[in-house]
Amino acid sequence: MSNPLLQLLVLAGIAIFLILRLRNVLGTRDGFEPPKVERPATGPSKFEVIEGSADQVDHDIQDHAEPGTPAAQALAAMKRVEPDFGVRDFLGGSRQAYEMILMAFERGDLSEVRPFLSEPVAEAFQSVIDQRTAQGQTVEAQFLGTRDTALASAEFDQATGMAEITVRFVGELIAATRDADGNVIEGDPKVARKQKDLWTFARHMGEADPNWQLVATG
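Residues numbered from 1 in each chain as written. Predicted model: local features only at pLDDT ≥ 70, side-chain atom pairs only at ≥ 80, totals over all residues. Heavy atoms only, no water.

Novice: Which residues make up the environment of Ser153, and what values go with them?
Specialist: In this fold, Ser153 is placed in strand E1 (residues 138-156). You can call Ser153 partly exposed: its relative accessible area is 29%. Note: C-alpha distance between Ser153 and Thr69 (84 residues apart in sequence) is 9.6 Å. Contacts of Ser153, omitting those with residues within four sequence positions, involve Ala71, Glu164, Ile165 and Thr166. (Helix = DSSP H or I, 4+ residues; strand = E, 2+ residues; numbered from the N terminus. Buried < 20%, exposed > 50% of the residue type's maximum accessible area, 1.4 Å probe, protein only. Contact = heavy atoms within 4.5 Å.)

Structure, rendered in structure tokens:
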């Protein structure tokens, strides 16, 4: 047997030996195996600091006002006076108040919503209602829903405890004003329209009365 052939047989034998050893150590893979996905490395959790305190970030505020803005600072101050106050809950209540007050105004009867109106706002609304009545006008209105409710601004007076929150509403309704003869003089009884309003609500934080009052409209 030639020397080169002998070397080839020796190398083949070594290769077969290594393959068998690897099979014993690693095993075999049959069928489909999904690719591995490396889990992203996660660092240690930490608390964020806002308003100069060591408290955990308040997402109830951060979801509606940019951190560090006057609105966020005012909302945080309100919560320090009244810990149960929630921005999300307030906006939900303001949305309901918006529909109630708006429809009461359109119908020309403020009796049910009077506790939620400041004196100047109530007088301004009633003045318009009285003017319609004097001219024999009637309003047909159907509220279709509030499409958007967003916090526009917030202010808090530390000395008096008075809080003011301005909310931006986008409502959708069908409304038409008819004259004494039944003719439509404003709006359309068959076409929905969007109505955008900027309303400001106020309340003394920490008082037993939980009701906010509408103090300004835009």
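Novice: Which residues make up the confidence of the model for the protein chain, and what are the values?
Specialist: Overall, the prediction assigns the protein chain a mean pLDDT of 81, with 74% of residues at 70 or greater. Per-element averaging of pLDDT across the protein chain places helix H1 (residues 3-26) at the bottom with 47 and helix H3 (residues 70-81) at the top with 97. In the predicted structure, residues 17-55 sits below a pLDDT of 50 and forms 14 contacts with residues beyond four places in sequence or in another chain. (pLDDT = per-residue confidence, 0-100.)

Novice: So what's going on with the nonpolar core? Residues and values would help.
Specialist: What tends to happen in soluble globular proteins is that the nonpolar side chains get buried as a cluster. The biggest cluster of nonpolar side chains holds 42 residues, and the ones touching the most others in it are Leu75, Met78, Phe85, Leu117, Ile165 and Phe201. Broken down by secondary-structure element, the contributors of at least two residues to this core are H3, helix H4 (87-107), helix H5 (119-134), E1, strand E2 (162-178) and strand E4 (193-204). It is H4 that provides the largest number of residues to this core, a total of 10 residues. (Core = buried A, V, L, I, M, F, W, Y, C linked by side-chain atoms within 4.5 Å.)

Novice: Outline the pattern of salt bridges, supporting the account with residue identities and numerical values.
Specialist: Using the criterion set out here, one finds seven salt bridges in the structure. With a closest N to O distance of 3.0 Å, Lys79 and Asp58 form a salt bridge. One end of the pair, Lys79, is in helix H3; the other, Asp58, is in the loop between H1 and helix H2 (59-62), and 21 residues separate them in sequence. On the basis of relative accessible area, Asp58 is assigned to the partly exposed category, the value being 23%. The partner of Arg147 in a salt bridge is Glu172, and the shortest N-O contact between them spans 2.7 Å. Taken together, the positions of Arg147 in strand E1 and Glu172 in strand E2 put the pair 25 residues apart, joining distant regions of the chain. Taken together, the shared-partner salt bridges connect Asp58, Asp60 and Lys79 into one network. (Salt bridge = Lys/Arg side-chain N within 4 Å of Asp/Glu carboxyl O.)

Novice: A description of the side chain of Ser94 should follow, citing residues and the corresponding values.
Specialist: By the secondary structure assignment, Ser94 is in helix H4. For Ser94, a relative accessible area of 5% puts it in the buried group. A distance of 2.8 Å separates the side chain of Ser94 from the backbone oxygen of Leu91, its partner in a polar contact. Among all residues touching Ser94, those that are not within four sequence positions of it are Thr149, Val167, Phe169 and Phe201. (Polar contact = N/O pair within 3.5 Å; in protein donor to acceptor, adjacent residues only side chain to side chain.)

Novice: Talk me through H3; I want residue IDs and the actual numbers.
Specialist: Along its 12 residues, H3 runs 17 Å from first to last C-alpha, staying within 8% of the 16 Å computed at 1.5 Å per residue. Each element contacted by the buried residues of H3 is listed here: H2, H4, E1 and E2. (Expected span 1.5 Å × (residues − 1).)

Novice: Outline the environment of Ala180, supporting the account with residue identities and numerical values.
Specialist: Tracing the chain through its elements places Ala180 in the loop between E2 and strand E3 (184-187). Apart from residues no more than four positions distant in its own chain, Ala180 is found in contact with Gln135 and Gly136.

Novice: Tell me about H5, residues and numbers included.
Specialist: Look at H5: 22 Å from first C-alpha to last across 16 residues, which is about the 22 Å you get at 1.5 Å a residue. Check the buried side of H5 and you find it contacts H4, E1 and strand E5 (213-217). One or two positions beyond H5, positive phi appears at Gly136, with a value near 75 degrees.

Novice: Before we move on, could you go through the packing of aromatic side chains and cite the residues and values that matter?
Specialist: All told, the structure shown has 11 aromatic pairs when counted by the stated rule. Their ring planes at 85 degrees and their centres at 6.1 Å tell us that Phe90 and Phe201 sit as a pair that is edge-to-face. Placement of the pair is Phe90 in helix H4 and Phe201 in strand E4, with a sequence separation of 111 residues. We note that Phe90, like Phe201, is buried. Centroid distance Phe169 to Trp199: 5.9 Å. Interplanar angle 75 degrees. Geometry classified as edge-to-face. Note that Phe169 is positioned in strand E2 and Trp199 in strand E4, a separation of 30 residues in sequence. As far as the burial class goes, Phe169 and Trp199 line up, both buried. Three or more aromatic residues joined by ring pairs make a cluster, and in this case those are Phe85, Phe90, Tyr98, Phe143, Phe169, Trp199, Phe201 and Trp212. Above the face of the Phe105 ring, Arg132 is positioned so that its terminal group lies 4.5 Å from the ring centre. (Phe/Tyr/Trp six-rings, centres within 6.5 Å; stacked < 30°, edge-to-face > 60°. Lys NZ or Arg CZ within 6 Å of the ring centre and 35° of its normal.)

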